[in-house]
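Okay, here's what each chain looks like letter by letter:
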Amino acid sequence: MVEKSEVILGENEHLRINMGPQHPSTHGVLRFELDLRGEIVDQVIPHCGYIHRGIEKMSEANTYQQIIHLTDRMDYLSAHQNNEAMSLLVEKALGIEVPERVKVIRTILSELSRLQSHELWWAAFGMDLGALTTFFYGLRDRERILDIFEESFGSRLLHSYICPGGLMNDVHPNFKSRIKEFIPYFRKKLPEYDQLLTGNIIFMERSKNIGLLTREEAIAFGITGPSGRGSGFSCDVRKHEPYSAYDRVDFKEILYTEGDTYARYRVRIDEMWESLRILEQLVDQIPDGDYTVKMKPIIKLPEGEYYQRVETARGELGVYVVSTGDKYPERIHFRTPNFSNLFVIDKLARGHKIADLVAISGSLDLVIPDIDR
Amino acid sequence: MMDNTQLQQTIGRLIPRAVFNQNTQFVEVVIPADGLHQTAQLLKENPETKFDFLFNLTGVDSKNELRMVYHLRSTLLKHTLVVKVVTTDRQNPEFASVSDIWPAANPFEREAYDLLGIRFTNHPDLRRLFLEEDFQGFPLRKDFVDPINIVEK
């Protein structure tokens, strides 16, 4: 333990400074207005909108197939899950049952997405705290998954691959064998993550008891995903409302009750193990059959209101559509996980130092385009 | 855990002025705007409902009326309810803020103010969220005209 000094430097100096929108630790264009007392954070005011593109407004003049391509651009690290949410909503509204093959492939893609997202988060989180090695380790393993994506969909980040009715095209013949190579590879590499960071005393000092969030607060602020589960809030949509093939795979919902930065970190590490387990169960179970059902070129949803939620790498993504029976939605709203997760940062960071604010915002795993939409 | 008919009966008993919408995905109820804050408090604290998790809140403009849609879930009792409030006043739409009951509502209400121009009384920090402070108009309104970057159907 470092001996805590009683004197806080600059204790009586009030400062109001901007962190961002170009600060590396915000991982995107987000600005925090900080009220400081010396090095202690008194208040954090997040300012967003730097990458607001008006996706909800644009969607009102686009057909449902076109909106799929906009959903990618929200949480670009969970592109598959975003596509899936929109597709599931259209299928639910029209009463379409997709083939088994589609369900299994969608689940595999969701889990691969989650893995590559958590890998990138781990890489960047370590770097936020000053451990540069993590960045190379994380990206090294993420590349393997992106290669699988590239081979089948032709793109590494924004796929627009899952569409209403099924998939855009069939997966590459190598898809299965590549995943089967990847699973044992990553099972060997994942313990390295623990060796490098999880048990590291410097890392533990930086993350334990930093940014405490109780279960009640997590629910009240609407914190979902690994950040909510780190506070013991059971909110995994895959468990509570299974979609695609999640009802037939065996996996655990990871819950930690400490609610600090370290707990949120542990949830994501454990989720990577669970994702590997899901992949193992499904990779040999991909049935033959069609990769899509025949859809009309113009989809018109029956009049009414629809809500569909999925679990992305960062929490609960909800799509809310009001339809008047037209080919365009009357109103579409995306309840994105990062939007709710961001606004708890003031509560978490108060009384901590600026360096801890970096750790806290890293542990919330924010993706800025998902907030601004 | 209550099923949807039981939940509808309970809500009907607790909120006598509620009007139910039929054939919807969740139990859906329209309540008078003047009782919004009181009803929200009741829905959160009543042991039969216990809606502690506001998971979605958004505004909808359907040309002749503006409405707010509250998606509520109980993490304890596992049921879901949709609450709606409606106003026909397009000049000065105003509802009570529920951000003191569910802190999650705070950014959602700021978003609705920013894009739809709906004001919330007693909101702690009602400023524009995405657009600049000097932006004119509310883009998600159906009658919004954007001369520079027209989104045309």
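Residues numbered from 1 in each chain as written. Chains lettered and ligands numbered in written order. Predicted model: local features only at pLDDT ≥ 70, side-chain atom pairs only at ≥ 80, totals over all residues. Heavy atoms only, no water.

Chemist: Give me the overall build of chain B: which residues, what numbers.
Modeler: What chain B contains, in helices and strands, is three helices and seven strands. In terms of C-alpha radius of gyration, chain B reaches 16 Å, essentially the compact-globule figure of 15 Å for 153 residues. Counting only C-alpha atoms and orienting by the principal axes, one finds that chain B spans roughly 50 × 30 × 25 Å. Within the span of chain B, comprising 153 residues, buried residues form 52% of the whole. The contacts in chain B between residues at least 6 apart in sequence include a share of 49% that link residues at least 24 apart. Roughly 7400 Å² of accessible area belongs to chain B as shown, and the carbon and sulfur atoms make up 48% of that amount. Between the centroid of the 17 positive side chains of chain B and the centroid of its 21 negative side chains there is a distance of 4 Å. (Helix = DSSP H or I, 4+ residues; strand = E, 2+ residues; numbered from the N terminus. Rg over C-alpha atoms; globule rule 2.2 N^0.38 Å. Buried < 20%, exposed > 50% of the residue type's maximum accessible area, 1.4 Å probe, protein only. Contact = heavy atoms within 4.5 Å. Areas by Shrake-Rupley, 256 points an atom, 1.4 Å probe, with all protein chains shown as cover. Lys, Arg positive; Asp, Glu negative; His and termini not counted. Charge placed at Lys NZ, Arg CZ, Asp CG, Glu CD.)

Chemist: Could you give an account of a nonpolar patch on the surface, with specific residues and numbers?
Modeler: Together, Met 127, Leu 132 and Phe 136 of chain A make up a nonpolar patch on the protein surface, roughly 310 Å² of accessible area in all. When you line up the elements, Met 127 of chain A lands in helix H4 (residues 100-128). (Patch = residues over 30% accessible without salt bridge, like charges linked within 9 Å, V, L, I, M, F, W, Y side chains within 5 Å. Salt bridge = Lys/Arg side-chain N within 4 Å of Asp/Glu carboxyl O.)

Chemist: Break down the packing of aromatic side chains for me, with residues and values.
Modeler: Geometrically, a pair of aromatic rings is defined through the distance of the ring centres and the angle of the planes. Residues and elements named next belong to chain A. Scanning all chains against the criterion turns up 23 aromatic pairs over all chains. Both rings, one in Trp 121 and one in Tyr 265, keep their centres 5.7 Å apart while their planes meet at 50°; by these two values the pair is tilted. With Trp 121 in helix H4 and Tyr 265 in helix H11 (residues 261-283), this residue pair connects regions lying 144 residues apart in the sequence. Each of the two residues, Trp 121 as well as Tyr 265, counts as buried. Through pairs of rings, three or more aromatic residues link up here, namely Trp 121, Phe 125, Phe 203, Tyr 262 and Tyr 265. (Phe/Tyr/Trp six-rings, centres within 6.5 Å; stacked < 30°, edge-to-face > 60°.)

Chemist: Could you give an account of the interface of chain B and chain A, with specific residues and numbers?
Modeler: Between chain B and chain A, the residue contacts involve 42 residues of the former and 37 residues of the latter. Contact between chain B and chain A buries roughly 3300 Å² in total, counting both sides, with carbon and sulfur atoms accounting for 57%. The interface formed by chain B and chain A contains five salt bridges. For the salt bridge of Arg 373 of chain A with Glu 111 of chain B, the shortest nitrogen-to-oxygen distance reads 2.3 Å. Applying the counting criterion to the chain B and chain A interface returns 13 residue pairs in polar contact (both at pLDDT 80 or more). At the level of secondary structure, the elements contributing two or more residues to the side of chain B that touches chain A comprise strand E3 (53-61), strand E4 (66-73), strand E5 (80-87) and helix H3 (105-116) of chain B. The dominant element in the side of chain B that touches chain A, judged by the number of residues it contributes, is E3 of chain B, at eight residues. Considered class by class, the residues forming the side of chain B that touches chain A number 19 nonpolar, eight polar and 15 charged. (Buried area = accessible area lost by both parts, 1.4 Å probe. Polar contact = N/O pair within 3.5 Å; in protein donor to acceptor, adjacent residues only side chain to side chain. Nonpolar A, V, L, I, M, F, W, Y, C, P; charged D, E, K, R; others polar.)

Chemist: Provide a residue-level description of the sheet that holds E3 of chain B, including the pertinent values.
Modeler: All names here are of chain B. Taken in spatial order, the five strands line up as E1-E2-E5-E4-E3 in an open sheet, and their pairing is mixed. Each having just a single partner strand, strand E1 (19-21) and E3 make up the two edges of the open sheet. Here the average twist between neighbouring strands, direction ignored, is 25°. Of the strand pairs in this sheet, E1 and strand E2 (residues 27-30) are connected by three bridges, and their pairing is antiparallel. Bridge pairing in E2 links Asn 21 to Glu 28. On the sheet, H3 packs against E3 and E4 and is oriented at approximately 10° with respect to E3. (Pairing = 2+ DSSP bridges. Axes fitted to C-alpha atoms, helices over the stretch in contact; angles between N-to-C directions.)

Chemist: Break down helix H5 (residues 133-153) of chain A for me, citing the residues and quoting the values.
Modeler: In an α-helix, one turn spans 3.6 residues; hence positions three or four apart end up facing the same way. Residues and elements named next belong to chain A. Over its 21 residues, H5 extends 30 Å from the first C-alpha to the last, a length consistent with the 30 Å expected when each residue adds 1.5 Å. Of all the positions in H5, only Thr 134, Gly 138, Asp 141, Arg 142, Ile 145, Leu 146, Ile 148, Phe 149, Ser 152 and Phe 153 are classed as buried. Two residues or fewer after H5 comes Gly 154, characterised by a positive phi angle close to 80°. (Expected span 1.5 Å × (residues − 1).)

Chemist: Please set out the confidence of the model for chain B residue by residue, giving values where relevant.
Modeler: Residue-level pLDDT values for chain B average 86, and 96% of them are 70 or greater. Scoring of the predicted complex yields 0.88 for pTM and 0.89 for ipTM. (pLDDT = per-residue confidence, 0-100.)

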